[in-house]
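Structure assessment
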Amino acid sequence: MSFFPVTRPRRLRRTAMLREQIAEVKLNITDLMYPIFVVHGQSIKREINGMPNQYHWSIDRLPELIKAIKEAGILSVMLFGIPKTKDKYATENYDSNGIVQQAIRNIKMLHPELIVATDVCLCAYTNDGHCGIVHNDEVDNDQTLDILQKTVVCHAQAGADIVAPSGMMDGMIQAMRYALDQNDFNQVAIMSYAVKYASAFYGPFRSACDCALKGDRKSYQMDFRNKKEALKEAKMDEEEGADFLMVKPALSYLDIIQDVSSSTTLPIAAYHVSGEYAMVKAAFEKGWLDERAVTLEALTAIKRAGAKVILTYSALDVSKWL
Ligand code: PBG
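Residues numbered from 1 in each chain as written. Predicted model: local features only at pLDDT ≥ 70, side-chain atom pairs only at ≥ 80, totals over all residues. Heavy atoms only, no water.

Looking at the pairing of strand S2 (residues 45-48)
Across four bridges, S2 lies against strand S3 (residues 51-58) in antiparallel orientation. The residue of S3 that forms the bridge with Arg46 is His56. The turn joining S2 and S3, which pair antiparallel and follow one another in sequence, is formed by two residues; a positive phi near 90° is taken by Gly50. (Pairing = 2+ DSSP bridges. Helix = DSSP H or I, 4+ residues; strand = E, 2+ residues; numbered from the N terminus.)

Put into structure tokens, the structure is as follows:
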């Protein structure tokens with residue numbers, strides 16, 4: 001045992017250089033993945049309600065964003081598309097000229113090395129706003145898998161490096177891995193939103209994705225009172241062939257990130273979601289919090305808990321702060 005006065009922990013905190021030298025976890029810009037929302041239309045860069053400094057981008061405006069991402073040293077992006085029309089079967093999801101497909105091709109032209117991941121879900125594409133096909137008032141799991149298979153193949157054809165299913169359908173990883181492999185896309189990786197809770201912290205994202213949902217997603221996303229279930233979901237997705245496991249949201253779920261991370265050899269991703277971002281922005285605007293300090297502390301904590309990749313709307317800011 002170490003006893004005072006021989007042992008004095010403050011010795012190693014005395015100077016900035018000492019603290020820097022012994023720091024256990026350091027946040028790096030290469031830890032981050034930046035979410036992008038793409039929309040149809042021309043010369044659109046429109047701020048998203050509830051998410052200051054985050055925008056809807058039309059394809060023709062992407063060059064300025066991709067340039068900033070490149071200069072910041074960010075390695076990867078996650079694409080979200082807002083379709084022209086919503087319908088029962090989420091058809092724009094697997095249209096080779098859909099908004100996400102156009103964005104992938106465009107980004108790969110502007111910056112071929114950038115890792116392009118796509119969020120694969122139905123919620124922005126269906127007119128009821130659910131993450132799956134609604135049948136007899138319920139979200140039909142297996143019918144949804146068909147749509148997910150068509151979608152990932154279509155994203156892969158457009159050039160996606162990673163597909164990231166976020167709909168919490170059972171068997172989605174197995175179905176997607178099979179479809180990709182059957183179509184010669186065995187090098188396209190799957191980042192599973194494996195442990196995704198039904199969370200009120202997704203609030204601002206609903207307007208970001210122009211989602212039509214009334215009601216909630218509790219019949220497919222997880223109950224935040226549960227932890228064992230997180231380990232079960234993570235294990236199933238790993239066995240079905242996921243390459244990354246994601247935990248979402250991040251900040252209220254650090255225990256989950258830590259436990260899932262120690263239960264697997266796969267890299268863990270964590271999504272620092274829209275509501276978490278909005279809280280800091282709002283408090284900053286009121287002069288109540290130091291945005292830079294709070295954001296760096298939160299992201300470092302998410303990394304300390306075990307996340308290898310952190311999805312965050314603050315990625316571009318972080319590049320200026322680090
Ligand atoms: C789609 C999806 C959501 C988010 C990412 N993908 C919303 C939801 O499931 O309700 C949330 C992201 C955020 O809040 O930043 N299924």
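As for helix H9 (residues 274-285)
Under the 1.5 Å per step criterion, the end-to-end length of H9 is 16 Å for twelve residues, consistent within 8% with the ideal 16 Å. For H9, the set of buried residues is Ser274, Gly275, Glu276, Tyr277, Ala278, Val280, Lys281 and Ala283. At its buried positions, H9 is contacted by S3, helix H6 (203-208), strand S11 (268-272), helix H10 (291-305) and helix H11 (315-321). (Expected span 1.5 Å × (residues − 1). Buried < 20%, exposed > 50% of the residue type's maximum accessible area, 1.4 Å probe, protein only. Contact = heavy atoms within 4.5 Å.)

Examining the packing of helix H2 (residues 62-72) against helix H3 (residues 99-110)
How two helices pack is summed up by the angle between their axes together with the distance between the axes. Direction vectors running N to C along H2 and H3 enclose 55°, while the axes themselves pass 10 Å from each other. Here H2 lies oblique to H3, going by the angle between them. Relative to H3, the crossing made by H2 is right-handed. Here H2 contributes Leu62, Pro63 and Ile66 to the contact with H3, which in turn contributes Ala103, Asn106, Ile107 and Leu110. Class assignment of the residues belonging to the contact of H2 with H3 gives a composition of six nonpolar, one polar and no charged. (Axes fitted to C-alpha atoms, helices over the stretch in contact; angles between N-to-C directions. Parallel < 35°, antiparallel > 145°, perpendicular 65-115°, else oblique. Left-handed = near helix turned anticlockwise from the far one by under 90°. Nonpolar A, V, L, I, M, F, W, Y, C, P; charged D, E, K, R; others polar.)

A closer look at the side chain of Asp31
Relative to the helices and strands, Asp31 is located in the loop between helix H1 (16-22) and strand S1 (32-39). Classification of Asp31 as buried rests on a relative accessible area of 6%. The residues contacting Asp31, other than those within four sequence positions of it, are Lys26, Lys303, Lys308, Val309 and Ile310.

What about the packing of aromatic side chains?
All told, the structure shown has nine aromatic pairs when counted by the stated rule. With a centroid separation of 5.1 Å and an interplanar angle of 20°, the aromatic rings of Phe37 and Phe80 are classed as stacked. Here the residue Phe37 occupies a position in strand S1, and Phe80 occupies one in strand S4 (residues 76-82), the gap between them amounting to 43 residues. Each member of the pair Phe37 and Phe80 is classed as buried. Geometrically, the ring pair formed by Phe37 and Tyr313 is stacked, given 6.2 Å between the ring centres and 15° between the ring planes. Of this pair, Phe37 sits in strand S1 while Tyr313 sits in the loop between strand S12 (309-312) and H11, placing them 276 residues apart in sequence. Each member of the pair, Phe37 as well as Tyr313, carries the same accessibility label: buried. Each member of the aromatic cluster is reached from another via a ring pair, and the members are Phe37, Phe80, Tyr193, Phe205, Tyr271, Tyr277 and Tyr313. Above the plane of the ring of Tyr202 lies Lys248, whose end atom (NZ or CZ) is 4.6 Å from the centre. (Phe/Tyr/Trp six-rings, centres within 6.5 Å; stacked < 30°, edge-to-face > 60°. Lys NZ or Arg CZ within 6 Å of the ring centre and 35° of its normal.)

Any functional reading would require information that these geometric values do not contain.
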